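What follows is each chain in one-letter form.
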Amino acid sequence: MTGPAALSQTQVPLISARGISKQFAGVEVLRDVDLDLRVGEIHALLGENGAGKSTFAKILAGVHRPTTGTIALNGEQVEVANPVVAQRLGITLIHQEPISFPDLSVAENLVLGRSEDGWFSPVPWAKMTRDARALMDLLGVDIDVTQPMRGLSIADQQMVEIARALASDSRLIIMDEPTAPLTPREVETLFGIARRLRSEGRTIVFISHRLEEVRALCDRVTIFRDGNKVGTHTIDELTDADIIRLMIGRPLKEYLHKPRTEIGAVALEVENLTLPGRFEAISFSVRRGEIVGLGGLVGAGRTDVARAIFGVAPALSGTIRINGKQATIREPDDAIALGLAFVPEDRAQAGIFRSLSVEQNITAAVPARIAPRGFIRRSVEKALSSEAIRSLRVRLASARQPIGELSGGNQQKAILARWLLTDPTVLILDEPTRGIDIGVKAEFYDRIGELAASGRAILLISSELPELLALSDRILVMSEGRLTAEFPRAEASQEKIMKAAVPRSATLGEAA
Amino acid sequence: MSALRSLLLRREAGILVMIMLFCLAVGLYKPQFLTGNNLRVILLLTPLIMIAAMGQMLVLVARHVDLSMGSILGLSAMVTGMMFRDMPQIPWMLGFAVAIGTGALLGLINGALVTLFRLPAIIVTLGTLNLYRGLTFIISNARQVDRQYIPTELKAMSQTSPIFGVPSIIFIAFGVAILAYYFTMHTRVGRQVFALGSNPVAAPLRGIKANQVTLLVFTISGALAGLAGILYASRWGFVNPSNTGAGFEFQVIAAVVIGGVSINGGVGSVPGVVLGVLLLGCVSAALPLLGIPGAAQNAIYGTVILIALLIDRTVRQQGVLGLRRLPA
Amino acid sequence: MSAAETSPPANVAGRESAPPRPLWHLVLVRPETLTLVLLILGVIVASRLSPYFLDIGYILRSFALSAEIALVALVLTMVIIAGEIDLSPAANMALSACIFAWAQASGVPIPLAVLLGLLAGLAMGGVNAFFVIVMQLPSIIVTIGTLILYRGLAQILAGDRSIRIAEGFIGVDRILVLGVPLPVVVFVLAAIVLALVLGGTIFGRQIYQIGTNEVAARHAGIRSRRIKLILFLMIGVVAAIAGIMTASRLGSVRYDLALGKELEMVLMAMLGGTYIFGGRGTIPGTFLAAWLLVVVSTGMTVANLLPAIQMTVLGILLIVSIIATNFIYSRTQR
């Protein structure tokens, strides 16, 4: 906690970012951010999922180019055009799951991309191995540098990445949630190394959700919210409560609350659901007419639970009951037959058939309804899909146009329409409003409310706290693969949810 | 994890053991299999495949495949053979330059189609397999280049040599293998080929010029098929538009996958491929002795490829298990 | 020649793909339209080379020589749309024909011998399916392996000799139905049936869906592995039918029956606008492409071009047609 933070403040900052903005496909994810990183400090970036901290880090490392804004390195303006340039400028980004060449040796992974020698210049194996060993010794880790990267644990792969940063004498090392996959021991080793790097005058940017870790390691924190920088403070100025308040602090009024509906019998019940490495002993139930929110941070295991219930990647143990009857779900097909529906988080990858018509996309899950004897009946298909399009107000030119031509929000409506046709009892929505315009979001909330009112049980996974609070009758919170809290609607608050979602370092070992 | 590692390390050793067991088994049954003379037979069966296998290995390591090698061999051999026939006055050594140059050009075309249009190499080279074979017929007017036109010195390379009476094409083959070893293990671009095949997405992030490396491996593969082409003329003393190199690509692919090169890219070693080629050579040499018709060869190649695929999958599986769950 | 004709229409199609799309435009950018245009051009050019081409009987007789390959190409189209590929059916044709021929030559009654051939084809499809679906290996490389294996087994069975077919079973191509050779009739009927299956049934619909996005298909409850299994079994049986038909047409069977014909099969699918990465393509497209190919190769024969030149042209056509369909699809994707 008491690092050598007392560095001369008059010094030129290592990095001086000014007016950084970034848009993806017209959506602004980062807005006019100014940030200075001092020489020899460990600087934490904090914020909710999607607040913009990772985007900012990626801009520093040349993975993304800023839409507007400038970056100065030691007072001189630089163009970080791509990761190779970043590396040459002495900036290294370490991903949570490091990028590597699994078939090449550790030593080779360390040097790849650094040398500017010609194609046919010899590879100095002996020197390479020697240097690699020296780096590992320097870091105090025991990794055989001649073995292929493939066999290394994630922690060791991170060490190799750090070694790579040292080998290219990086002045700025950015670690994007490095501790999430590590055991407490490994975290301690990592922190020891980070502190040593700081004492050598290197700068470290540390992205993490774990407040204890931030407090233990970092000198200053910068908090992001909705693409804006909220502020930069020394860590001692803030209490945990302050930090959480700064991270959320969004007015709730913009969202309508779900209309009160009659809550019926239990529709979905899971007990002790376990998939080692993903989630442990998950038990909860959802009743008809009820919306149960499932909150937590990205990587907490919420999506894995949903995928397990729906049969995409079934759990190893535990039971699922639908309408009180025990269910065996090995494939999504089984789940659909039991009256389940699942709107996945990754629409492009697991949701839509991009080049096929909207109509085909909508009717994909009801083959028996559109083709009772195997042959598709166009009139039935058209009637079903146009009714669904109307009721969900999907905006399109023609039901025959490829779904890829629709906006994200309308694609999502089409996916929801697909599931309405199966008339599900239980609807699992995983981040249903991600990447959707504000206006369309409100429409979605109305639809979700109506669905519950029509007697369906809804499990809503969302990283947006106001959304959870506005829609849910009950809120469950997951952290590191476990359920950590449950709040009835009246008792829930953003602060409480966030507190339950942020992992405790103490519980770390059990999940890992 | 360490079990996987040692398995990988043992890959070459495994092939070596297979060769020895196979030879011993055949030798027990037919003692003449283990004579020096038969060793010469085995070695003479392998040089063309060995040379081409080095090229195919590079292409596979970079996560592509070259099905057109047999046709490149045929076309280069034909170009060279016709040069010998129509321009007898030029020095015979020039034939090497012509054959290698032709092969390199044809390989470059493959590479260009793959990189420029982002097409799967397998379909592109299936097309050029036929295209190049057709061209061979066209330029030759479907006529064979007969024995008398092939320079005596060239033919002699497959007969005798100053050293232990071992024909020089065997030395050439091992020379190519040594060069390939140097290229893959000791040049920067050689390692980049492995990096590219190991993780094509990350390669550009580390400054690897993927397109250029891809072009290079296809060009080398073509050039080596071209070299094999002129050596075909040396070994058999003729060039025939339909037979020369037909089906050759399958023998090469079989040898390479037995040698432990992964079809998923990034994995492969020259010693492994050399042993794979030798194992195929032993099998080919043993068939007539065992009274198995030569007709069985293709079936054996096919089986061997499938088995090698399964082995490769098992080896891979352990590595990727943590990343990708198989649907139950 | 035909290669040069391919590019201008492709360019026209590409340029027009602006957001609001009239119906005529949707029709125009379909790769099958391109195939049809090429086919008409091909017939015009060929009929200038030789008046034979205006004789429909001549074209039908020529087509009978390729009908077996075209038949397999229809099923191959479905396999490619589903996101897989099969390079082994030509070898499968040879092995099932050899098994059939060997059986009837050793005294097995013809119907039983045919059944044996078909079962062999089914088994070969099953082997491919095992490696691709159960072992999860890429079909492209698996079927290269089985291509060599099946051909090799045919070689073991038949050796270097040709196996004669019993007199009564020879000449399937000489049976005329309303003046059309039987293999052509089989092909046309198969095309109609498969077009209905692919375009009109839920099975066909799901083939497109798994070829477009297998993960999304699974999330929508589509059992992609079952569909792929059916397709591999189907192409196995159809290849066996094609092999036995070829045997009857030739009157004898050698192991090199249909040698190298996998190229033509893939080419017919590609020329017909099937997308090599799956999810797109139609049976009518492949149907037209088969005729186009026959017209081109017969035209070349009539023009006294060497068979080798035909080979070259086929190779070029394959590459050009993939580039063209890729181009069209990448333009209409967004």
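As annotated in an unreviewed UniProt entry, chain C carries the name Autoinducer 2 import system permease protein LsrD and is attributed to Devosia enhydra. Looking at the Subcellular location (unreviewed entry) heading of the UniProt record, one finds this comment for chain C: "Cell membrane". According to the UniProt record, the Subunit (unreviewed entry) comment for chain C reads "The complex is composed of two ATP-binding proteins (LsrA), two transmembrane proteins (LsrC and LsrD) and a solute-binding protein (LsrB)."

Looking at an unreviewed UniProt entry, one finds chain B named Autoinducer 2 import system permease protein LsrC and attributed to Devosia enhydra. As stated in UniProt under Subunit (unreviewed entry), the record for chain B gives "The complex is composed of two ATP-binding proteins (LsrA), two transmembrane proteins (LsrC and LsrD) and a solute-binding protein (LsrB)." Here chain B is described in UniProt, under the heading Function (unreviewed entry), as follows: "Part of the ABC transporter complex LsrABCD involved in autoinducer 2 (AI-2) import. Probably responsible for the translocation of the substrate across the membrane."

1. Some thoughts on the sheet that holds strand E11 (residues 266-275) of chain A
Residue and element names in this part refer to chain A. Strand order in the open sheet made by the four strands is E12-E11-E14-E15, with antiparallel pairing throughout. Bordering the open sheet on either side are strand E12 (279-287) and strand E15 (325-327), each of which pairs with just one other strand. The sheet shows a mean angle of 20 degrees between the axes of neighbouring strands, direction not considered. Alignment of E11 against E12, held across six bridges, turns out to be antiparallel. Within the sheet, the bridge partner assigned to leucine 275 lies in E12 and is phenylalanine 279.

2. Observations regarding the sheet that holds strand E18 (residues 457-461) of chain A
Residues and elements named next belong to chain A. What the six strands build is an open sheet, ordered E16-E17-E18-E13-E19-E20; its pairing is mixed. The open sheet has two free edges, formed respectively by strand E16 (340-343) and strand E20 (482-488), since each of these has just one partner strand. This sheet shows a mean twist of 20 degrees between the axes of neighbouring strands, independent of strand direction. Note that strand E17 (residues 426-430) and E18 share five bridges and pair parallel. Along E18, the bridge assignment pairs leucine 429 with leucine 460. Sheet strands in contact with helix H9 (residues 302-310) are strand E13 (291-296), E16, E17, E18 and strand E19 (474-479), and its direction is about 145 degrees off that of E17.

3. Some remarks on the packing of helix H8 (residues 168-186) of chain B against helix H10 (residues 210-236) of chain B
Residue and element names in this part refer to chain B. Between H8 and H10, the shortest axis-to-axis distance is 11 Å and the interhelical angle comes to 170 degrees. Classed by the angle they form, the pair H8 and H10 counts as roughly antiparallel. In this structure, H8 contributes Ile169, Ile172 and Val176 to the contact, and H10 contributes Leu224, Leu231, Ser234 and Arg235.

4. A short note on helix H5 (residues 67-81) of chain C
Compared with an ideal rise of 1.5 Å per residue, which puts 15 residues at 21 Å, H5(C) spans 21 Å between its outermost C-alpha atoms and is within 8% of the ideal. Immediately downstream of H5(C), the backbone of C:Gly83 shows phi near 90 degrees, a positive value.

Definitions and limits used
Residues numbered from 1 in each chain as written. Chains lettered and ligands numbered in written order. Predicted model: local features only at pLDDT ≥ 70, side-chain atom pairs only at ≥ 80, totals over all residues. UniProt positions renumbered as here; feature names shortened; annotations may be inferred. Pairing = 2+ DSSP bridges. Helix = DSSP H or I, 4+ residues; strand = E, 2+ residues; numbered from the N terminus. Axes fitted to C-alpha atoms, helices over the stretch in contact; angles between N-to-C directions. Contact = placed C-beta atoms within 7 Å. Parallel < 35°, antiparallel > 145°, perpendicular 65-115°, else oblique. Expected span 1.5 Å × (residues − 1).

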